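# Overview (structure and organization)
Residue strings, one per chain:
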Amino acid sequence: MLKFVKKHLESIVGIEIYPILSLLIFFAFFVILFWWVFTAKKDYITKVSNIPLELDNQNETEL
């Protein structure tokens, strides 16, 4: 089965660029995510992490 697919993929001109682009996009996404995590302000992280607790408290008071 793999030989069948590999044979057809080898016949496509320029197909070798797609795995390289996929790896670069994958790597860039995680580098940007890693950078964002370390540069995010602690106030913002605290505010966002408390959102589920605030919503839970609002639901209890409505009942």
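This is a predicted model, so every value here is computed, not measured. (Residues numbered from 1 in each chain as written. Predicted model: local features only at pLDDT ≥ 70, side-chain atom pairs only at ≥ 80, totals over all residues. Heavy atoms only, no water.)

## Quick word on the overall build of the protein chain
Check the secondary structure of the protein chain and you find 4 helices and 0 strands. In the protein chain, the order of α-helices and β-strands from amino to carboxyl end is α-α-α-α. Out of the 63 residues in the protein chain, the part that is buried amounts to 2%. Carbon and sulfur atoms make up 72% of the accessible area of the protein chain, which amounts to about 6600 Å² in all. (Helix = DSSP H or I, 4+ residues; strand = E, 2+ residues; numbered from the N terminus. Buried < 20%, exposed > 50% of the residue type's maximum accessible area, 1.4 Å probe, protein only. Areas by Shrake-Rupley, 256 points an atom, 1.4 Å probe, with all protein chains shown as cover.)

## A short note on the packing of aromatic side chains
Using the criterion set out here, one finds 4 aromatic pairs in the structure. With centroids separated by 4.7 Å and ring planes inclined at 70°, the aromatic side chains of phenylalanine 34 and phenylalanine 38 adopt a geometry described as edge-to-face. With a gap of 4 residues between them, phenylalanine 34 and phenylalanine 38 both fall in helix H2 (residues 17-39), about one helical turn apart. (Phe/Tyr/Trp six-rings, centres within 6.5 Å; stacked < 30°, edge-to-face > 60°.)

## Structural notes on the confidence of the model for the protein chain
For the protein chain, mean pLDDT is 84; residues scoring 70 or higher make up 84% of the total. Ranking the elements of the protein chain by mean pLDDT puts helix H4 (residues 51-62) last with 69 and H2 first with 95. (pLDDT = per-residue confidence, 0-100.)

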